[in-house]
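Residue-level listing of the chains:
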Amino acid sequence: MTTIDTPVSIAEVDPDLIATMREVLSSSAPTPRDPDTGVEFDQALWDQLDELGLARLTGSEESGGSGAGWAESAALLTQAASLAVALPLAEHDLLAGWLLTSAGLPVDADLRSVAVLDADGSARAVPWAPVVSRIVLAWPAGDGGWRVADVPATSVKLTADTNLAGEPRGEITATLDDSEGVPVPEDLIRRLQLRAALVRAVQVAGALERTLDLVTEHVTTRVQFGRPIGKFQAVQHLVADIAAETSLARAAVDAAVRTVATPDVDLAELRFRVAVARSCAGHAASVVVRNSHQALGAIGTTLEHDLHRFTLPALAWRAEYGSTASWDRVVADSALSVGSDGLWELIAG
Amino acid sequence: MTSLLPPPVADTPELRTLRRDVRTFVAGQVAAGAFTPDVDTWLNGFDPAFSRALAEQGWLGMTIPTEYGGHGRTFLERFVVTEELLAAGAPVAAHWIADRQAAPSLLKFGTEEQKQRFLPRITRGELFWAIGMSEPDSGSDLASVRTRAVQVDGGWRLTGTKVWTSGAHHAHAFFALARSAPLDPAHRHDGLSQFIVMLDSPGVEIRPIHSMNGAHHFNEVHFEDVFVPDDLVMGEIGQGWHQVTSELSYERSGPERFLSSYQLLAALVDAPSTGADQQIGQYVARTAALHEMSNSVASALEHHHDVSSAAAVVKVLGTALEGDVADLGDVLTEDDPGDPQLRALVTRAVMHRPGFTLRGGTSEVLRGVIARELGLR
Ligand SMILES: Cc1cc2nc3c(=O)[nH]c(=O)nc-3n(C[C@H](O)[C@H](O)[C@H](O)COP(=O)(O)OP(=O)(O)OC[C@H]3O[C@@H](n4cnc5c(N)ncnc54)[C@H](O)[C@@H]3O)c2cc1C
């Protein structure tokens, strides 16, 4: 698969490509989730995506990727989130694959995740750690720089866990040896963290959009007091606020995707746009989760109903790679550092 | 998946240059003492000299075609200019309604003679407009207006009362929405018409209504058998409802719907250790996202897409944010000790706050617009 014009926003992605994504993902959606053990990795679906070039969308064609960009990748993540398909799509491609290539290391088709370790060699909530075959590690070296290494998952100590949505997560500890890592600039690690944070915002937006659809469908069909509950103004206002907050999250996420897709974008600019996306998506999730469960009534709280397949991931994702509050503070720090005189330029460019 | 938003857009290099130009100009004006940045300046910052200075820069009547004395520029160019002016807290109220609402309406529905007569003067910053919609018994339910227009020889005679007319005491004209045919309860939107009323016409009486801070901003405009000649009928008789509602997206999605208290937000960023970094960050983030949304709606309007529900979304979110910023300022600052200048800004924002979510269609009504778009009603 090759792309000729590089789209910068999801809205510009070829509709045929999105249709293909949807068709493939739908074939085994939603990913089954056991309330106790979480979701299982769907190897068959992964292989299918891999064959179609969707598992390594943004990898260069020389390295076996599809040579696409952030916009296509964000479209894929959005579709997956909106169909409740749980797969390490972003971790494998946008994060681990990108980090390896950026560090000048070889990439292959092995399933990967990524972890930024602390000085003791530990990282918590490493996405899909219990499932992947390799983990790309980044750690602060003794000399003050950073190192990156691509290691087999079996080489790290793992305590498996799941997030709120049942997606595999794990605490890992690695024995660090600076000489085994490739030196990389700190800037690269900062960008990795921002990319990871943005991935979650993209996913949240997708989950919220699907939630709006579920709610709309429910309130136009559920009848109480002789009419669809959506005819009651109180319910209309719940739904209108879901739509409004979801739109705000979408606008902020699209702007951040456009920024990250800009070649050689300034790190401070990227940090601000990602933080805006995380702040807006994070707070939107509060309103959307609250209002959607309110509008759905008791049925929405059950395992049987699909609502939780979107509300739980939205909450889980907004709490990964930094809390919503921490991203609010990043926005504030950006603002404070430029002061009132520079604030508008920060916002509007 | 449902999306109420038009596709996102980014500034072109030309638009970025235009932004810089406006920013430089405004900074020069502030430095020269031409104005002090303030909150809610698009409705309260009345300064004809500043409006004329903008006109000299070519920043009024931007989207009016050159044949009518305008500048023939794009909607997005106008968006950039107005957004920069609002962010700077510049006094743009004098020409605001004329430039935002009267000009596009005249272009769409006005006669050739009306366009020739009014548009060049709007572009030069000489003709100010007001909005003559609300009445004592007609607020959200605008179709219930009772001002009556009776056809007479050579024109119409209007009798009735408009209210909450912002800046009518400074303005030269407004479009009065009036009932030109008896109410048919089965078709409430029929029989309404718009008339261009010159506010110095005999029989027009403008009485001040003082706001709770003592300011004279609102007016009651009373018509006693006011003669409106046929050549000042706006659009088609009986099409008033269609004409009024077709322009609502322009009115609801613009940057004035999320930047009314921006100067206070900026001041809070500078205020020493408020202890509310997180909340300030959240509001800066929302401002940035609303900038994106409002921009994308402006772009869609340029392409004549129907964006009424997207405009409603911008207004619901943006005006709530404006109010939240005012309230945050109030929660964070105190009269004594504290920074008197900041506190004064907070006070003005708090005084104006209730209007943010009322004017131009209340938030409750707009949520109904969104719900309708989603198929709930
Ligand atoms: C600062 C400011 C400037 C203004 N400038 C102008 C101007 O220049 N020209 C002009 O014509 N008008 C102007 N207005 C008037 C403005 O358009 C009206 O205030 C607005 O349409 C609401 O009408 P109302 O004030 O009569 O309130 P009402 O319509 O009486 O509403 C009162 C409350 O009831 C709620 N409500 C009403 N109907 C419904 C419903 N169907 N469902 C749910 N809730 C409902 C409203 O949301 C609101 O909370 C201005 C208002 C303000 C505050």
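Every chain's residues receive numbers from 1 upward, in the order its sequence appears when written. Each chain takes a letter, starting from A, and each ligand takes a number, starting from 1, following the order in which they are written. Local features in a predicted model are, by the rule used here, given only for residues with pLDDT of at least 70; side-chain atom pairs are given and counted only at 80 or more, and totals for whole chains, interfaces and linings are based on all residues. Neither water nor hydrogens contribute to the side-chain values; these are computed over all heavy atoms in the structure.

J.: Can you explain the overall build of chain B? Please cite residues and give values.
T.: What chain B contains, in helices and strands, is 13 helices and eight strands. In summary, chain B has a C-alpha radius of gyration of 21 Å against a globular reference of 21 Å for 377 residues, a match within 12%. When the backbone C-alpha atoms are referred to their principal axes, chain B occupies close to 70 × 50 × 40 Å. Here chain B, with 377 residues, has 57% of them falling under the buried criterion. Here a residue-residue contact requires only that any non-hydrogen atoms of the pair lie within 4.5 Å. Long-range pairs, those at least 24 residues apart, make up 74% of the contacts in chain B with a sequence separation of at least 6. Accessible area of chain B: about 14,800 Å², with a carbon and sulfur share of 51%. With 31 positive and 47 negative side-chain charges, chain B shows a separation of 3 Å between the mean positions of the two kinds. Secondary structure elements are defined from DSSP: runs of H or I of at least 4 residues count as helices, runs of E of at least 2 residues count as strands, and each element is numbered from the N terminus. This radius of gyration counts C-alpha atoms alone. The globule rule is 2.2 Å times how many residues there are, raised to the power 0.38. Only protein chains enter the calculation, and the probe is 1.4 Å; a residue is then buried if its accessible area is under 20% of its type maximum, exposed if over 50%, and partly exposed in between. Note on areas: these come from Shrake-Rupley sampling with a 1.4 Å probe, and a residue is covered only by the protein chains present in the view. Here Asp and Glu are counted as negative and Lys and Arg as positive; His is not counted, and neither are the chain ends. All charge positions are set by atom: Lys at NZ, Arg at CZ, Asp at CG, Glu at CD.

J.: Quick rundown of the site of the ligand? Include the residues and the values.
T.: All names here are of chain B. In the vicinity of the ligand lie 16 residues, with S134, S140, W164, T362 and E364 positioned nearest. Within the contact set of the ligand, an oxygen atom lies 3.1 Å away from a backbone nitrogen or oxygen of M133. N or O atoms within 3.5 Å of each other form a polar contact, as long as, within protein, one can give a hydrogen and the other can take it, and as long as residues adjacent in sequence are counted only when both atoms are side-chain atoms. The separation between an oxygen atom of the ligand and a polar side-chain atom of T362 is 2.7 Å. For the ligand, whose free accessible area comes to 960 Å², the fraction covered by protein is 65%. Side-chain classes follow a simple rule in which Ala, Val, Leu, Ile, Met, Phe, Trp, Tyr, Cys and Pro form the nonpolar group, Asp, Glu, Lys and Arg form the charged group, and the remainder, Gly included, forms the polar group. A class-by-class count of the residues in the shell around the ligand yields six nonpolar, eight polar and two charged. Residue-level mapping places the shell around the ligand at the junction of two domains, with at least three residues from each of domain 2 (131-239) and domain 3 (242-373). Any residue with a heavy atom lying within 4 Å of a molecule or strand is counted as near it. Domain ranges listed in this record stem from an automatic or a database domain assignment.

J.: Quick rundown of the domain arrangement of chain A? Include the residues and the values.
T.: Residues and elements named next belong to chain A. When cut into domains, chain A gives domain 1 (10-184) and domain 2 (186-348). Taking the mean C-alpha position of each, domain 1 and domain 2 sit 22 Å from one another. Contacts between the two partners involve 34 residues from domain 1, matched on the other side by 34 residues from domain 2. Interface area for domain 1 against domain 2, summed over the two sides, is near 2,900 Å², with a carbon-plus-sulfur share of 70%. Definition used for salt bridges: Asp or Glu carboxyl oxygen within 4 Å of a side-chain nitrogen of Lys or Arg. For the pair domain 1 and domain 2, the number of links is two salt bridges. Buried area is calculated as the accessible area (1.4 Å probe) missing from two parts once they are joined, with the contributions of both summed.

J.: So what's going on with helix α1 (residues 15-26) of chain A? Which residues, and what values?
T.: In an α-helix, one turn spans 3.6 residues; hence positions three or four apart end up facing the same way. Residues and elements named next belong to chain A. By this rule, a helix spans an expected 1.5 Å times one less than how many residues it contains. Taking 1.5 Å as the rise per residue, α1 with 12 residues should run 16 Å; its terminal C-alpha atoms sit 16 Å apart, in good agreement. L17, I18, M21, V24 and L25 are the residues of α1 that are buried. Down the axis of α1, the buried side of the element spans an arc of 130 degrees, and every buried residue falls inside it. The exposed set on the far side of α1, more than 90 degrees from its buried face, consists of P15, D16 and E23. As for α1, its buried residues are in contact with α2 (43-51) and α3 (70-82). At the N-terminal end of α1, a side-chain oxygen is found 3.0 Å from the backbone nitrogen of D16, two or three residues along, and the residue is D14. It is the directions from the helix axis to the C-beta atoms whose arc is reported.

J.: Provide a residue-level description of the packing of helix α6 (residues 233-260) of chain A against helix α7 (residues 267-296) of chain A, including the pertinent values.
T.: Residues and elements named next belong to chain A. Orientation is described by lines fitted to C-alpha atoms, with helices fitted over the stretch in contact, and by angles between N-to-C directions that extend from 0 to 180 degrees. Contact geometry of α6 with α7 gives a least axis separation of 8 Å together with a crossing angle of 160 degrees. Classified by the angle their axes make, α6 and α7 are roughly antiparallel. In this structure, the crossing between α6 and α7 has a hand that is left-handed. Looking at the contact of α6 with α7, its residues break down into 18 nonpolar, six polar and four charged. Each angle receives one of four descriptions, namely roughly parallel if under 35 degrees, roughly antiparallel if over 145, roughly perpendicular if within 65 to 115, and oblique otherwise. Here is the rule for handedness: rotate from the far helix to the near one, and if that takes an anticlockwise turn smaller than a right angle the crossing is left-handed, while a clockwise turn gives right-handed.

J.: Requested: an account of the domain arrangement of chain B, with residues and values cited.
T.: All names here are of chain B. By the assigned domains, chain B splits into domain 1 (13-128), domain 2 (131-239) and domain 3 (242-373). The distance between the C-alpha centroids of domain 1 and domain 3 comes to 20 Å. Facing the 25 residues of domain 1 at the interface are 29 residues of domain 3. Broken down residue by residue, the surface that domain 1 buries against domain 3 is led by V39, F75 and F79, which jointly contribute 26%. At the surface where domain 1 touches domain 3, the tally comes to four salt bridges. R100 serves as the salt-bridge partner of E251, at 4.0 Å between the closest nitrogen and oxygen. Linking domain 1 with domain 3 are 14 residue pairs in polar contact (both at pLDDT 80 or more). Looking at the side of domain 1 that touches domain 3, the elements with two or more residues in it are α2 (41-44), α4 (75-87) and α5 (93-109). Tallied by class, the residues present in the side of domain 1 that touches domain 3 amount to 13 nonpolar, six polar and six charged.

J.: How would you explain the nonpolar core if you had to name every residue and give the values?
T.: In this structure, L137(A), I172(A), L198(A), W129(B), L158(B), V197(B) and V284(B) are the most contacted members of the largest nonpolar core, which totals 233 residues. Ranked by residues supplied to this core, first place goes to helix α5 (residues 186-221) of chain A with 18 residues. Residues in contact with W129(B), not counting those within four places in the same chain, are I97(B), A98(B), A102(B), L106(B), F118(B), I122(B), A171(B), A173(B), F174(B), F175(B) and I196(B). Working definition of a nonpolar core: buried Ala, Val, Leu, Ile, Met, Phe, Trp, Tyr and Cys residues. They are joined through side-chain atoms within 4.5 Å. One finds L142(B), A143(B), L177(B) and L192(B) within the second-largest nonpolar core, a separate group that totals seven residues.

J.: Kindly report on the sheet that holds strand β9 (residues 182-184) of chain A, identifying the contributing residues and their values.
T.: The strands making up a sheet associate through hydrogen bonds between their backbones, and the pairing can be parallel or antiparallel. Residues and elements named next belong to chain A. For two strands to be treated as a pair, DSSP must find no fewer than two bridges joining them. In space, the four strands of this open sheet follow the order β3-β5-β6-β9, with mixed pairing throughout. Each of the sheet's edge strands pairs with one partner strand only, and the pair in question is β3 (112-116) and β9. Across the sheet, the axes of successive neighbouring strands diverge by a mean angle of 25 degrees, strand direction being ignored. Relative to strand β6 (residues 146-152), strand β5 (residues 134-140) is paired through seven bridges, and the arrangement is antiparallel. The residue of β6 that forms the bridge with R134 is P152. Set on the sheet, helix α4 (residues 89-102) makes contact with β3, β5 and β6; between it and β3 the angle comes to about 65 degrees.

J.: Report on the packing of aromatic side chains, specifying residues and quantitative values.
T.: All names here are of chain B. Here the aromatic set is Phe, Tyr and Trp, taking the six-membered ring for Trp, and pairing holds for ring centres within 6.5 Å; pairs whose planes are under 30 degrees apart are stacked, those over 60 apart are edge-to-face, and all others are tilted. In this structure the tally under the stated criterion is 14 aromatic pairs over all chains. Summarising the aromatic geometry, the rings of W42 and W96 are spaced 6.2 Å apart at their centres and angled 45 degrees between planes, so their arrangement reads as tilted. Placement of W42 in helix α2 and of W96 in helix α5 is noted, with a sequence separation of 54 residues between them. This pair shows no difference in class: W42 is buried, exactly as W96 is. On the numbers, 5.1 Å between centres and 65 degrees between planes, the contact of W164 with F218 is edge-to-face. In this pair, W164 is assigned in the loop between β3 (155-163) and β4 (173-179) and F218 in strand β7 (residues 216-229), connecting sequence segments 54 residues apart. By relative accessible area, F218 is classed as partly exposed at 25%. Following the ring pairs from residue to residue traces out a cluster consisting of F25, F35, F50 and W59.

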